[in-house]
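Listed below, chain by chain, are the residues.
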Amino acid sequence: MKRQDNLIANIDWTVVAIYLVLTVFGWLNVYAVTASREVFFGVGSASPAFMQLVWIGISLVVVFVIFLLDSRFFSFMAYPLYGFFMFLLMLVLLIGTAKHGAKSWIVMGPVSLQPSEFAKLASMLAVARFMSAYNYKMSRFRDLVITFALIGFPALLVLAQPDFGSFLVFMAFLLVLYREGLSGWVLIVVGGFALLFLTTLIVQHHNMHYILLISLGTIALIVYTILARKPIVLLIISAISGILVVLIQFFVEYDILKLEKDQIVWITLLVVSLIALIYGIKEKKREIFMIVGFLAFAVIFTYSVVMVFKKLPDHHQDRINIMLGLIPEDNDKGYNVEQSMIAIGSGQFIGKGFLQGTQTEGRFVPEQPTDFIFTSVGEQFGFLGSFGLVALYTLLLVRLVIIAERQRSRFSRIVGYGVVSVLLFHLAVNISMTIGIFPTIGIPLPFLSYGGSSFLAFTMMLFILIRLDASRKTYLV
Amino acid sequence: MEQYTNRKFIILGIILLISLIISVRLFIIQVVMDYTGESESNILRKEVVYPHRGLIFDRNGELLVGNKFSYDLKIAPYELEVFDTTLLCELLNVDRETLIRRIQNVLKHPDERYNPIIKQLSDSTYGKLQERMYDFHGFYFSRRTLREYKREIASHLLGYVGEVDAGVIRRDRYYESGDYYGVSGVEYSYEKHLRGKKGCRYLQIDAKGREQGSYKEGRRDTAAQKGRDLYLTIDADLQAYGEKLMDGYRGSIVAIEPSTGEVLAYISAPSYDPSLLVGRQRETNYFNLAKDTLKPLYNYAIQAQYPPGSTFKPVNGLVALQEKVLTTRTTIYCDLGYYYTRYKKVRCHDHISPLNITHSVQHSCNAFFCHTYKLLLEDKKYSSTAKAYTNWRRLLMEFGLGDKLGIDLPYEKGGLIPDTTYYDNIYGSGHWRAATVISLAIGQGEILLTPLQMANMAATIANRGYYYTPHVVKRIAGVNQIDKPFTVPHQTDIDSANFIPIIDGMELAVNEFHGTAYWVRHPDFIICGKTGTAQNPHGKEHSVFMAFAPKDDPRIAISVYVEHGEYGARYAAPIASLMIEKYLTDSISDNWTRKNMEERMLNGNLLYSE
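## Focus: the overall build of chain A
Phase 1 of the analysis: Counting its regular elements, chain A contains 19 helices and 3 strands.
Phase 2 of the analysis: As presented, chain A carries roughly 21600 Å² of accessible surface, and 73% of it is formed by carbon and sulfur atoms.

Listed below in structure tokens is the structure:
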């Protein structure tokens, strides 16, 4: 009994309260956007609001079970759970059911599960377990590689579905690694290459690879100028490049050479880089090698992205293009965002009131109860409601950071930051997409979006952390 | 261990920064900017605009397949209001329960599928309903186009259009539930050209469900693009005439222009009216046609595989000449047949004997071709019968036999010219000889050809050694050239000089008093032809004829196959002759022989019970 008392006393009730508020608020919104359908059906077993209620019930039972378990259970079970969900992720590729083009559902009778939602949790536990080992050192190459493999493997399986949104969520783990000592440069470089990846896809769609190459060259030049503190270099190299381009252009004009635009830039870059390298060898400047190396890598990277992309089957290419908003004839995505913004915007300061939304009720945005649930918040509860929701999320995240920091065991802290990263990523991407500051990537809004798997998975994540936190004084896992 | 604790401030900073950005953005769109106006006039409906399917013309530009409008009644689930169900039921002529069930069905999946309440309303229903639409909020029409057939011909060639099923949608992302696509014929093989491109329209609807014009001046709309028109290679009049001739028979006529490979007529009999497979009655009619004992849906021209009978002799003769196992002066004695073993005899009919190759074609002498075939397979140039056989088969396949020709129609069959393994499996390797497969000499036995292949064989002979892959589309509007495979000639390995004696024989067969098809000759041009009588264990023998005309400047090559037509000259030859005359002179000359022939063919009946 004593242990139980302690446990209850040690539960972080702030987080639990926020969770409950979010859950109730989420359900009300799911009800609101699906209510009009119930006019014709009655609140029957098939209605989304009812189904969501069932999942909330299931989640609460699971929470209870989590509290019954020993806190060391999660560390102990981390690898088996990881193995199990990796198996499910592979299984779903074979026997999964496709919805919206991604094969990500396992359907068993009336219940359909999305293993990718749970895979995030399992990966989080596995990474935490691996990194909390006594002799783990991030500076050791082997340890770092295994850490990345633990994250990368499920990420690639999810990408194969293809569920690009969930794939990106796995990138959020970088934040955890950063907290645990990964160099900040990794974050910047990975972020940079992610950006380069997206830009490449966009640029290659418009057949303007040369612009990308020019930009990369320019960036390299600027970086060098800053490092070497010699503005004169900027002038000299620009002049050389300019002359080169004009020369080659001349040859092309008179049909002596047959070159595409990006080949011209390519040759220019090559020549300038060679000159820079010779200069670097003569003057023994190491930073030149670094910069030229990076530049070469970036250029090769962009070309391989294009190559891999063109090898993909047509419908995968289409999906990526649609997601990036590149297929003009498929106006649906752009239309969704526009409608979503109109709905949110029309809520104004205080909102139209619960069940008073004219834009909601799923009339415009097909994915509204799931990915676009925030539109319902914005329309019905206005700026007050949506800002309140953002504030509540922020409060939750800040609180979770505090919880993570107060853990004595590394395992618990990593789980804590894992939860923070995944939640942050989800809500940042989801809300940004609905208000038109991020491309449409279908990932749910934690605790609000309609969908059993994601709700249950987020609940489990949160309460495993609360459970670990509640016994932080008892064990040093 | 705790050296990175400070990083928590950076992480907290990231969290706060993101929240700040989102909050500022929310403030801008919710408080600073005014979206209320937009939201009010913004009750929207997204409509797919279906393109017109490409039209289909014949080679002379006569319209064969057009489009007509039809209307589907749909509902906008979120705009539906209480309405007078009795009145609607009356207008639509459906019972109340069906209507309610269909509406509920749509409401269950409001976003997912093309799910009209009633499909393809008749013009009068549409008219009546249109006048009362203000009574029914949330109901609207979706305009579709259906095929309209101007002439009741070429159904097997044209194919038909139907609604996509789940499999089609999975294979091609373009399609959505409710779309139409070409299921067979050229509708199928040229689907990508014919279908055009769907457009989409965003309409503003006021609170009463009335259209208020386009959304944002149509900036988000995309126009539907009309499908490309097809110009077929067939001649509609010739096609119609052929179908008239073949009415009452089972079989096929295929006519090809030898110089291009263009199919001039493509008849599969019995046939059906293409308009049956349009619109609401399509499924019922299809079902009825499918269970019709006459099998009108079967595409005999490219799917029936028949023994060619004696029409096969010319190519066997060509191979023999090419392989030099005989010359044009070689004559072979025929004693009412040919003993290919001591006791077994292929029988032949009574004719002058001995004959050289030209006159053997003329008289269709079995003995000559059996002996020739024996010479071919026992040729000392080759170390074994199998090798000689393989070479014979190779030369034949260059005529487009034994494999699909690759016509631009779906579900073509390839016929059969067995390879050596086929006989090895039956008789054992090395245990079969010329005598074993002697019936191949006269187009019997295992050999099978589609009517299209027979016509192509005639075209190749007409061309003296090459052919273009037969095709049925001459031109696609807006596309420079038809597909490459149809513009490259296929050369056979037979020297063109070797065709002379064979073609002479085919000329004599029709134009000399002792020829097998003398009665179908035409005074104005020379038809070169070869009759065939294909043995049929299941009933009367089949009547086969292959021909081309005129002899020196062939403009048409043709094959006619009439099941149970008894012998080549009985049905197939006159039908081919009439088709040739129709194509070359546009009409049947007004003399007694020709008119009588036409009448006999038109009145003949081997199909329907009296």
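## Re the overall build of chain B
Phase 1 of the analysis: The helix and strand inventory of chain B stands at 21 helices and 20 strands.
Phase 2 of the analysis: A compact globule built from 610 residues would reach a C-alpha radius of gyration of about 25 Å, whereas chain B, at 33 Å, exceeds it by more than 25%.
Phase 3 of the analysis: Its C-alpha atoms give chain B principal-axis dimensions of about 105 × 80 × 40 Å.
Phase 4 of the analysis: When burial is assessed residue by residue, chain B has 57% of its 610 residues classed as buried.
Phase 5 of the analysis: By sequence separation, contacts in chain B at least 24 residues apart represent 71% of the contacts at least 6 residues apart.
Phase 6 of the analysis: Just so you have it, chain B exposes about 27000 Å², and 49% of that area is on carbon and sulfur atoms.

## Some words on the nonpolar core
Phase 1 of the analysis: Formed by 109 residues in total, the largest nonpolar core has its most connected members in Val186, Leu232, Phe312, Tyr373 and Trp392 of chain B.
Phase 2 of the analysis: Per-element accounting of this core gives the leading share, 8 residues, to helix H18 (residues 451-462) of chain B.
Phase 3 of the analysis: The two domains that each donate at least three residues to this core are domain 1 (45-232) and domain 2 (236-251 + 258-274 + 300-567 + 589-603) of chain B.
Phase 4 of the analysis: Residues within four places of Trp392 of chain B in sequence aside, it is in contact with Phe312, Asn316, Val319, Tyr373, Leu376, Ile417, Leu440 and Ile447 of chain B.
Phase 5 of the analysis: Counting 107 residues, the second largest nonpolar core, distinct from the first, contains Ala78, Phe170, Leu177 and Phe455 of chain A.

## Description of the domain arrangement of chain A
Phase 1 of the analysis: As assigned here, chain A comprises domain 1 (2-179 + 347-470) and domain 2 (204-321).
Phase 2 of the analysis: Here domain 1 of chain A and domain 2 of chain A have C-alpha centroids that lie 42 Å from each other.

## Notes on the packing of aromatic side chains
Phase 1 of the analysis: As enumerated under the stated definition, the model contains 42 aromatic pairs over all chains in all.
Phase 2 of the analysis: With centroids separated by 5.8 Å and ring planes inclined at 15 degrees, the aromatic side chains of Phe85 of chain A and Phe118 of chain A adopt a geometry described as stacked. Of the two residues, Phe85 of chain A sits in helix H5 (residues 78-95) while Phe118 of chain A sits in helix H6 (residues 115-131), which places them 33 residues apart along the sequence. Across the pair, Phe118 of chain A and Phe85 of chain A agree in class, each one buried.
Phase 3 of the analysis: Where Tyr306 of chain B meets Tyr561 of chain B, the ring centres are 3.7 Å apart and the plane angle is 10 degrees; that geometry is what we call stacked. Residue Tyr306 of chain B is located in the loop between helix H12 (300-303) and helix H13 (313-322), and its partner Tyr561 of chain B is located in strand S20 (residues 556-562); the two are separated by 255 residues in the primary sequence.

## Some thoughts on the domain arrangement of chain B
Residue and element names in this part refer to chain B.
Phase 1 of the analysis: Domain annotation of chain B identifies domain 1 (45-232) and domain 2 (236-251 + 258-274 + 300-567 + 589-603).
Phase 2 of the analysis: Between the C-alpha centres of domain 1 and domain 2 the distance comes to 48 Å.
Phase 3 of the analysis: Contacts between domain 1 and domain 2 engage 26 residues on the former and 26 residues on the latter.
Phase 4 of the analysis: Of the roughly 2400 Å² buried where domain 1 meets domain 2, counting both sides, 62% is carbon and sulfur surface.
Phase 5 of the analysis: Ranking the residues of domain 1 by area buried against domain 2 places Arg59, His156 and Tyr231 at the top, with a combined share of 26%.
Phase 6 of the analysis: One can count 2 salt bridges joining domain 1 with domain 2.
Phase 7 of the analysis: For the interface between domain 1 and domain 2, the tally reads 11 residue pairs in polar contact (both at pLDDT 80 or more).
Phase 8 of the analysis: For the side of domain 1 that touches domain 2, the elements supplying multiple residues, two or more each, are helix H6 (155-158), helix H8 (185-189) and strand S10 (230-232).

## A short note on the sheet that holds strand S19 (residues 542-549) of chain B
Residue and element names in this part refer to chain B.
Phase 1 of the analysis: Across the sheet, 5 strands lie side by side as S12-S11-S20-S19-S18; this open sheet has antiparallel pairing. Only two strands of the sheet have a single neighbouring strand rather than two, namely strand S12 (262-269) and strand S18 (528-534). Each neighbouring strand pair of the sheet contributes to a mean axis angle of 5 degrees, computed without reference to strand direction.
Phase 2 of the analysis: Where S18 and S19 come together, 7 bridges link them in antiparallel fashion. Opposite Gly532, over in S19, you have Val544 as the bridge partner.
Phase 3 of the analysis: Taken strand by strand, helix H20 (residues 572-585) contacts strand S11 (251-257), S12, S19 and S20, and its axis lies near 150 degrees from that of S20.

## Considerations on the pattern of salt bridges
Phase 1 of the analysis: One pass over the full model with this rule turns up 37 salt bridges over all chains.
Phase 2 of the analysis: A salt bridge links Arg179 of chain A to Glu405 of chain A, with the shortest nitrogen-to-oxygen separation between them at 2.7 Å. Of this pair, Arg179 of chain A sits in helix H9 (residues 173-179) while Glu405 of chain A sits in helix H17 (residues 373-405), and the two are 226 residues apart along the sequence.
Phase 3 of the analysis: For Glu405 of chain A, a relative accessible area of 17% translates into the label buried.
Phase 4 of the analysis: Glu187 of chain B is the salt-bridge partner of Arg147 of chain B, the closest N and O atoms lying 2.9 Å from each other. With Arg147 of chain B in strand S5 (residues 139-149) and Glu187 of chain B in helix H8, this residue pair connects regions lying 40 residues apart in the sequence. Glu187 of chain B matches Arg147 of chain B in its accessibility class, with the two residues each being buried.

## Details of a nonpolar patch on the surface
Phase 1 of the analysis: Taken together, the side chains of Phe349, Ile350 and Leu384 of chain A together with Leu20, Val24, Phe27, Ile28, Val31, Val32 and Met33 of chain B make up a nonpolar region of the molecular surface, amounting to roughly 880 Å² of accessible area.
Phase 2 of the analysis: With 6 residues, the top contributor of residues to the nonpolar patch is helix H1 (residues 7-32) of chain B.
Phase 3 of the analysis: Note on Met33 of chain B: relative accessible area 37%, which makes it partly exposed.

## Digging into the packing of H13 of chain B against helix H15 (residues 366-377) of chain B
Residues and elements named next belong to chain B.
Phase 1 of the analysis: The interhelical angle for the contact between H13 and H15, taken along N-to-C directions, is 40 degrees, at an axis separation of 10 Å. It follows from the interaxial angle that H13 and H15 lie oblique. Seen from above, H13 lies across H15 with left-handed handedness. The residues of H15 that touch H13, namely those facing Lys313, Asn316, Gly317, Val319 and Ala320, are Asn366, Phe369, Thr372, Tyr373 and Leu376.
Phase 2 of the analysis: Of the residues contributing to the contact of H13 with H15, the split by class is 5 nonpolar, 4 polar and 1 charged.

## Some points on H17 of chain A
Phase 1 of the analysis: Given a rise of 1.5 Å per residue, 33 residues ought to cover 48 Å, yet the end C-alpha atoms of H17 of chain A are separated by just 32 Å, more than 12% below that figure.
Phase 2 of the analysis: Helix geometry: H17 of chain A is bent most strongly at Gly382 of chain A, by close to 130 degrees.

## Considering the side chain of Glu563 of chain B
Residues and elements named next belong to chain B.
Phase 1 of the analysis: Residue placement: Glu563 occurs in the loop between S20 and H20.
Phase 2 of the analysis: Within the structure, the side chain of Glu563 is placed 2.6 Å from the side chain of Tyr306, a separation counted as a polar contact.
Phase 3 of the analysis: Residues contacting Glu563, with those up to four places away along its chain left out, are Arg250, Tyr300, Tyr306, His542 and Leu606.

Definitions and cut-offs
Residues numbered from 1 in each chain as written. Chains lettered and ligands numbered in written order. Predicted model: local features only at pLDDT ≥ 70, side-chain atom pairs only at ≥ 80, totals over all residues. Heavy atoms only, no water. Helix = DSSP H or I, 4+ residues; strand = E, 2+ residues; numbered from the N terminus. Areas by Shrake-Rupley, 256 points an atom, 1.4 Å probe, with all protein chains shown as cover. Rg over C-alpha atoms; globule rule 2.2 N^0.38 Å. Buried < 20%, exposed > 50% of the residue type's maximum accessible area, 1.4 Å probe, protein only. Contact = heavy atoms within 4.5 Å. Core = buried A, V, L, I, M, F, W, Y, C linked by side-chain atoms within 4.5 Å. Domains from an automatic or database assignment. Phe/Tyr/Trp six-rings, centres within 6.5 Å; stacked < 30°, edge-to-face > 60°. Buried area = accessible area lost by both parts, 1.4 Å probe. Salt bridge = Lys/Arg side-chain N within 4 Å of Asp/Glu carboxyl O. Polar contact = N/O pair within 3.5 Å; in protein donor to acceptor, adjacent residues only side chain to side chain. Pairing = 2+ DSSP bridges. Axes fitted to C-alpha atoms, helices over the stretch in contact; angles between N-to-C directions. Patch = residues over 30% accessible without salt bridge, like charges linked within 9 Å, V, L, I, M, F, W, Y side chains within 5 Å. Parallel < 35°, antiparallel > 145°, perpendicular 65-115°, else oblique. Left-handed = near helix turned anticlockwise from the far one by under 90°. Nonpolar A, V, L, I, M, F, W, Y, C, P; charged D, E, K, R; others polar. Expected span 1.5 Å × (residues − 1). Bend = angle between axes of the 7 residues up to and from the residue.

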